[in-house]
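# Summary of structural features
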Amino acid sequence: MKTRDAVLLTIALFLLTSIIGFDFGGKRVSLYWFMVVGTALWAALDSDKIQLRRYQSGIAYGPVVLFIAISLLWVVGFPWYLAMRYKIKTGAAVLRDS
């Protein structure tokens, strides 16, 4: 997904999950945190599959570090991951020197 599209998707997910929620024990629970953890977990698992660590990027870490980073800085980390994934899938990403 191109960087622009990744940012737009992230904004849309943020707005959607901030609005949608459910009542639990008389308390309103937002779906935002479930979405953050879910997308961070998906990115961590997918990063191992696409071998993200082989490429030059500021986000090229192992799955555990990537999960923590995206969970803590989701607004920046998630679109960055999507953009880097797109580059890897299209062959535009640059491999690290061995």
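The structure we're discussing is the one just above.
An account of the accompanying structure is given in this report. Not measured: the values here are computed from a predicted model.

When helices and strands are tallied, the protein chain shows four helices and two strands. Considered along the principal axes of its C-alpha atoms, the protein chain spans approximately 55 × 25 × 20 Å. Every one of the 98 residues in the protein chain was classed for burial, and the buried ones make up 31%. Within the protein chain, counting contacts between residues at least 6 apart in sequence, those at least 24 apart form 56% of the total. In the form shown here, the protein chain has an accessible surface area of approximately 6400 Å², with 67% of it arising from carbon and sulfur atoms. Side chains of the protein chain carry 11 positive and 5 negative charges; the gap between the two charge centres is 2 Å.

Any two side chains of opposite charge can pair, on the condition that their charged atoms come close. Evaluated as defined, the whole model comprises four salt bridges. Here D46 and R85 are joined by a salt bridge, their closest N and O atoms 2.5 Å apart. Here D46 is found in helix α2 (residues 32-49), whereas its partner R85 is found in helix α4 (residues 74-90), with 39 residues between them in sequence. On the basis of relative accessibility, which here comes to 23%, the residue R85 falls in the partly exposed class. Linking R53 and D48 is a salt bridge whose minimum nitrogen-to-oxygen distance equals 3.7 Å.

In a pair of packed helices, the angle between the axes and the distance between the axes together describe the arrangement. Interhelical geometry of helix α1 (residues 3-19) versus α4 gives an angle of 140° and a closest axis separation of 8 Å. By the angle between their axes, α1 is oblique relative to α4. Regarding α1 and α4, the two cross each other, and that crossing is right-handed. For the pair α1 and α4, contact is made by T3, A6, V7, L9, T10, L13 and F14 and by W74, V75, F78, P79, L82 and A83, respectively. Residues that form the contact of α1 with α4 fall into these classes: 11 nonpolar, two polar and no charged.

Looking now at the nonpolar core. Formed by 20 residues in total, the largest nonpolar core has its most connected members in L52, L66, I70, W74, Y81, M84 and I88. Of all elements in the fold, only α2, α3 (63-72) and α4 reach the threshold of two or more residues within this core. Not counting the four nearest positions on each side in its chain, I70 is found in contact with A40, A43, G77, F78 and Y81.

Backbone geometry places Q51, a non-glycine residue, at a positive phi of 55°. Tracing the backbone shows Q51 in the loop between α2 and α3.

Before going further, it helps to examine the side chain of D46. Overall, D46 belongs to the buried group, its relative accessible area being 5%. Those residues within four positions of D46 in sequence are excluded, and the remaining contacts are Y81 and R85.

What counts, and where the lines are drawn
- Residues numbered from 1 in each chain as written.
- Predicted model: local features only at pLDDT ≥ 70, side-chain atom pairs only at ≥ 80, totals over all residues.
- Heavy atoms only, no water.
- Helix = DSSP H or I, 4+ residues; strand = E, 2+ residues; numbered from the N terminus.
- Buried < 20%, exposed > 50% of the residue type's maximum accessible area, 1.4 Å probe, protein only.
- Contact = heavy atoms within 4.5 Å.
- Areas by Shrake-Rupley, 256 points an atom, 1.4 Å probe, with all protein chains shown as cover.
- Lys, Arg positive; Asp, Glu negative; His and termini not counted.
- Charge placed at Lys NZ, Arg CZ, Asp CG, Glu CD.
- Salt bridge = Lys/Arg side-chain N within 4 Å of Asp/Glu carboxyl O.
- Axes fitted to C-alpha atoms, helices over the stretch in contact; angles between N-to-C directions.
- Parallel < 35°, antiparallel > 145°, perpendicular 65-115°, else oblique.
- Left-handed = near helix turned anticlockwise from the far one by under 90°.
- Nonpolar A, V, L, I, M, F, W, Y, C, P; charged D, E, K, R; others polar.
- Core = buried A, V, L, I, M, F, W, Y, C linked by side-chain atoms within 4.5 Å.

Don't take any of this as a statement about function, it's just geometry.
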